[in-house]
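Chain and residue survey
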Amino acid sequence: MSRILLFNKPFGVLSQFTSEPPHRTLAEYIDHSGFYAAGRLDKDSEGLLILTDDGSLQQKISNPRYGTYKTYQVQVEGLIGEQAPESLRKGIERKDGLPRPARAQRLDGPQPRDRDPPIRERKHIPTSWLELSISEGRNRQVRRMTAAAGFPTLRLIRTTIDRWELGDLQPGESRLQEVAD
């Protein structure tokens, strides 16, 4: 039986256990030994990070060849119409090639809780929210995709990885689960 730790990574925390000061790391929040991150979230991103004690499960979650979808709520600068989600679904050519097709839709419902520290806001430039699901994990891929579509990312929250969800975990909280092999 494998174990996973669902962790709500706060903004400003590195997805690793060690680093030089002044960087905050997982060691401030995770006291379970033998767990390793299955994938990463950059320091400026927040939300679901899965840690596991099973190397093969770690590979299945993080290696793009398995096609594991990761879903994000993304706050962007500008008002999103129907064209932007469509271009994100098809993929926007970048220097490192065309990404796999994504799932994208505008979010019009309730917005996620405020972040600490708050995002930068410009009074005369509105913001919008997208839900974006990808099955790759290229470096800063979501941020690069939204920027290429003309909507720079202001905030990025991962909400699901495959069948696991962030749920009601607050920033810095974790939940241990057993996973059948």
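Just above sits the structure.
Read on for an overview of the structure. Fair warning: this is a prediction, and the values are worked out from it, not measured in the lab.

Take Thr68: it is sitting in the loop between helix 1 (55-62) and strand 4 (70-77). With 68 residues separating them in the primary sequence, Thr68 and Glu136 have C-alpha atoms 7.7 Å apart. Beyond its immediate sequence surroundings of up to four residues, Thr68 is in contact with Lys60, Ile61, Ile134, Ser135, Ile161 and Asp162. Reaching out from Thr68, the side chain makes a polar contact with the backbone oxygen of Lys60 at a distance of 2.9 Å.

Our focus in this paragraph is the packing of aromatic side chains. A complete count under the given rule lists one aromatic pair for this structure. Ring centres of Phe7 and Tyr29 lie 5.6 Å apart, and the angle between their planes is 50°; this geometry places the pair in the tilted category. One end of the pair, Phe7, is in strand 1 (residues 2-9); the other, Tyr29, is in the loop between strand 1 and strand 2 (36-37), and 22 residues separate them in sequence. Over the ring of Tyr69 we find Arg103; its NZ or CZ atom is 3.6 Å from the centre of that ring. Looking at Arg115, its charged tip hangs above the ring of Phe11, at a distance of 3.7 Å from the centre.

Between Pro21 and Pro22 the backbone carries a cis peptide bond, its omega angle lying at 15°. Assignment of secondary structure puts Pro22 in the loop between strand 1 and strand 2. The amide bond that connects Asp116 to the next residue, Pro117, takes the cis arrangement and shows omega of 0°. Notably, Asp162 is not glycine yet its phi reads approximately 55°, a positive angle. In this fold, Asp162 is placed in the loop between strand 7 (153-161) and strand 8 (164-165).

Our focus in this paragraph is the nonpolar core. Judged by nonpolar contacts, the single largest core of 17 residues is most densely connected at Tyr72, Val74, Leu88, Leu132, Ile134 and Val142. Core analysis: the second largest hydrophobic core is formed by 14 residues, Leu6, Ile61, Ile161 and Val179 among them.

About the thresholds
Residues numbered from 1 in each chain as written. Predicted model: local features only at pLDDT ≥ 70, side-chain atom pairs only at ≥ 80, totals over all residues. Heavy atoms only, no water. Helix = DSSP H or I, 4+ residues; strand = E, 2+ residues; numbered from the N terminus. Contact = heavy atoms within 4.5 Å. Polar contact = N/O pair within 3.5 Å; in protein donor to acceptor, adjacent residues only side chain to side chain. Phe/Tyr/Trp six-rings, centres within 6.5 Å; stacked < 30°, edge-to-face > 60°. Lys NZ or Arg CZ within 6 Å of the ring centre and 35° of its normal. Core = buried A, V, L, I, M, F, W, Y, C linked by side-chain atoms within 4.5 Å. Buried < 20%, exposed > 50% of the residue type's maximum accessible area, 1.4 Å probe, protein only.

By themselves, these are just geometric observations and shouldn't be taken as functional.
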